[in-house]
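# Analysis of the macromolecular model
Single-letter residue listing:
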Amino acid sequence: MNITDFIEKLEVEFEEVEKGSITPNTVFLDMKEWCSLYALIVMAIVSTDYDVDLSGDDLVGVATVSDLFDLIQRRKAI
Amino acid sequence: MSSNLVAIDYYLPERVVTNDDLVDFFPEQSAQKILRSSGVARRHIAAHGQAPSDMAWQAASLLFEQFSQQGIDLAKHIDGLLFCTEIPDCRAPMTAVFLHGRLGLRRDCLALDIPAGCTGFMNGLLLAKSLAASKQLRNILLLTAEATSWVIPEDDLALRMIFSDGAAAALVSAGEKNGIGEFVVGVDSQGASSLGVPDSGARSPLSITCPNGADGIGMPFGSLQMNGQEVLRFSLREVPALMHRVLEVNNLAKQDIDMFIFHQASGFVLDALQRKCDIPYEKFYRCLENVGNTVSSTLPIALAKALSDGKVTHGSRVMLLGFGVGFSWSGTVIEWRNNYSFMQ
């Protein structure tokens, strides 16, 4: 489990986002394509690929891709 | 005594709303994006005044026609009618009573409504199975029908792009062989506020502060509310566990199932569940694109379509999982056979 794989998964599912444009410092809300569907996509990836259940509040509480990845790792460690 | 799912049919209203039609109403959207978000290209919408009971009557008539072609008047053999809907004809009597009369069923017949939303068909199938297996009843007509378009505000694209109207009819009969397996059921009332039609009953009567679009006219049957994030979380939490539990109680392994048919909630939910449940594409049935989410009718419609597509055939073992409003969930495995017959 590393952040490069996580970013690859996001870029596969975020169809409108240019490949290679997402970095660990990318702020979700700053992405021009960000929408409610993308929030659902993130929740689905985190559940299906990492078996971590994220709430809407969890998503509101993270700003960057790196923040989210750290949260997943913390939840996996519990 | 055992029980079997003997026959199935369905009815979809003539009026179709395409994604291009939705773009006419929501010009900032594109048909492609709506398809990607919902997994639905076409949805069927009940005609003005076409109640769920009317659609259920149509579905039942199509089922009866299957038998009348063999010279059988099925109506004379039905001793149980279960009707799943959340929009009854009136508060009392039950809509199943009216359908009983319209279908010309015999007087010594149980007639019961089951307002259980997306889990309705499965709950009805469990009841029908139990009633037949206990020898209380012999031939149970299980009807499902919803006109969800009646409880969706016209300016709510997220709901309009997913939901569709329709009905289905199934015959469950007592028999020597057992074609309906063990059920797993569940409910979580914490989900009640995430999906439902509030302000529509005794606890909170229908409110006129429920405008439908710009004209502000109240919606006479209430307004459907859905928290998409919570519905997704619920689905990904409970449905994979339900699948494993259904396999366990039926002493089956995943590879023993020939076709998995899940409630056709939305393309997004189905994609995520297929991945999380690790089900091969060819064993995961979908008919959402041209039907939409018909609530309690998605499972019987999908099963009927899988039969007509040849994806489910004589001897197929099919897992059926229903889940949704409540939250609630229910699942079983059926063995489809072309030669099950009703109880004379």
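To be clear, the structure that these remarks concern was listed above.
Described below are features of the structure shown in this document. Sequence positions are assigned chain by chain, starting from 1 and proceeding in written order. Ligands are numbered from 1 and chains lettered from A, in the order in which they are written. In keeping with the model being predicted, local features are shown solely for residues with a pLDDT of at least 70 and side-chain atom pairs are shown and tallied solely at 80 or more, while totals for entire chains, interfaces and linings include all residues. Side-chain calculation: all heavy atoms of the structure are included, whereas hydrogens and water are not.

What follows concerns the packing of helix H2 (residues 36-50) of chain A against helix H8 (residues 267-277) of chain B. A fitted line through C-alpha atoms represents every axis, and for helices the fit uses only the stretch in contact; the resulting angles, taken between N-to-C directions, go from 0 to 180 degrees. The way it works is that DSSP assigns letters per residue, a run of H or I at least four long becomes a helix, a run of E at least two long becomes a strand, and they are numbered from the N terminus. At a minimum axis distance of 9 Å, the contact between H2(A) and H8(B) shows a crossing angle of 15°. Between H2(A) and H8(B), the angle falls in the class roughly parallel. Taken as a pair, H2(A) and H8(B) cross one another with a handedness that is right-handed. Only Phe268(B), Ala272(B), Arg275(B) and Lys276(B) of H8(B) make contact with H2(A), whose side of the interface consists of Leu37(A), Leu40(A), Ile41(A), Ala44(A), Ser47(A), Thr48(A) and Asp49(A). In the scheme used here, Gly and all other residues not listed as nonpolar or charged are polar, with Ala, Val, Leu, Ile, Met, Phe, Trp, Tyr, Cys and Pro taken as nonpolar and Asp, Glu, Lys and Arg as charged. Here the residues of the contact of H2(A) with H8(B) are counted per class, giving 6 nonpolar, 2 polar and 3 charged. These descriptions rest on fixed angle ranges, namely under 35 degrees for roughly parallel, over 145 for roughly antiparallel, 65 to 115 for roughly perpendicular, and the rest for oblique. Crossing handedness: left-handed means the near helix sits turned counterclockwise from the far one by under a right angle, and right-handed means the same turn made clockwise. In what follows, a contact means two residues having at least one pair of non-hydrogen atoms within 4.5 Å.

Criterion for a salt bridge: a side-chain nitrogen of Lys or Arg within 4 Å of a carboxyl oxygen of Asp or Glu. For the structure on display, the rule yields 17 salt bridges over all chains. In this structure, Glu13(A) and Arg275(B) form a salt bridge, with 3.4 Å as the shortest nitrogen-oxygen distance. On the criterion of chain membership, the pair formed by Glu13(A) in helix H1 (residues 3-13) and Arg275(B) in helix H8 is interchain, its members lying in two chains. Across the pair Asp54(B) and Arg102(B) runs a salt bridge, and its minimum N-O distance is 2.9 Å. With a gap of 48 residues between them, Asp54(B) in helix H3 (residues 52-68) and Arg102(B) in helix H4 (residues 95-102) connect regions that are remote in the sequence. Three exposure classes are used, based on accessible area relative to the maximum for each residue type with a 1.4 Å probe and protein chains only: buried under 20%, partly exposed in between, and exposed over 50%. Of the residues examined, Asp54(B) reaches a relative accessible area of 23% and is grouped as partly exposed. Each of Lys9(A), Glu13(A), Asp49(A) and Arg275(B) takes part in one network of salt bridges that share partners.

Two rings from Phe, Tyr or Trp (for Trp, the six-membered ring) form a pair when their centres are within 6.5 Å of each other. A pair whose planes differ by under 30 degrees is stacked, one over 60 is edge-to-face, and the rest are tilted. A complete count under the given rule lists 13 aromatic pairs over all chains for this structure. For the pair Phe234(B) and Trp329(B), a centre-to-centre distance of 5.9 Å together with 45° between the ring planes defines the contact as tilted. Remark: Trp329(B) occurs in strand S13 (residues 328-335) and Phe234(B) occurs in helix H7 (residues 228-249); sequence separation between them is 95 residues. Given a relative accessible area of 13%, Trp329(B) falls into the buried group. Taken together through their ring pairs, the aromatic side chains of Phe14(A), Phe28(A), Trp34(A) and Tyr38(A) make up a single cluster. Against the face of Phe25(B) rests Arg160(B), its NZ or CZ located 5.0 Å from the ring centre. Charge-over-ring placement is defined geometrically: NZ (Lys) or CZ (Arg) within 6 Å of the ring centre, and within 35 degrees of the ring normal.

Turning to the packing of H1(A) against helix H4 (residues 65-77) of chain A, a few remarks are in order. Residues and elements named next belong to chain A. Between H1 and H4, whose axes approach to 11 Å, the crossing angle comes to 115°. For the element pair H1 / H4, the angle class is roughly perpendicular. Judged by the twist between their axes, the crossing of H1 over H4 is right-handed. Note on element contacts: H4 touches H1 through Val65, Ser66, Leu68, Phe69 and Ile72, opposite Ile3, Phe6, Ile7 and Leu10. In the contact of H1 with H4, the residues fall into 8 nonpolar, 1 polar and no charged.

This paragraph deals with the interface of chain A and chain B. Contacts between the two partners involve 19 residues from chain A and, on the opposite side, 13 residues from chain B. Throughout, buried area stands for the accessible area (probe radius 1.4 Å) lost by two parts on being put together, summed over both. Regarding the contact of chain A and chain B, the summed buried area is about 1,500 Å², with carbon and sulfur atoms giving 56% of it. A per-residue breakdown of the area chain A buries against chain B is headed by Leu37(A), Leu40(A) and Thr48(A), which together make up 33% of the total. Summed over the shared surface of chain A and chain B, the number is 6 salt bridges. Here Lys276(B) makes a salt bridge to Asp51(A), at a shortest N to O gap of 3.3 Å. Counting residues per element, the side of chain A that touches chain B draws most heavily on H2(A), which supplies 10 residues. Considered class by class, the residues forming the side of chain A that touches chain B number 9 nonpolar, 4 polar and 6 charged.

All names here are of chain B. Its location among the elements puts Gly80 in strand S4 (residues 80-84). Along the chain, Gly80 and Ala306 lie 226 residues apart, while their C-alpha atoms are 26 Å from each other. What Gly80 contacts, discounting residues up to four positions off in sequence, is Cys109, Leu110, Leu137, Asn139, Ile140 and Leu141.

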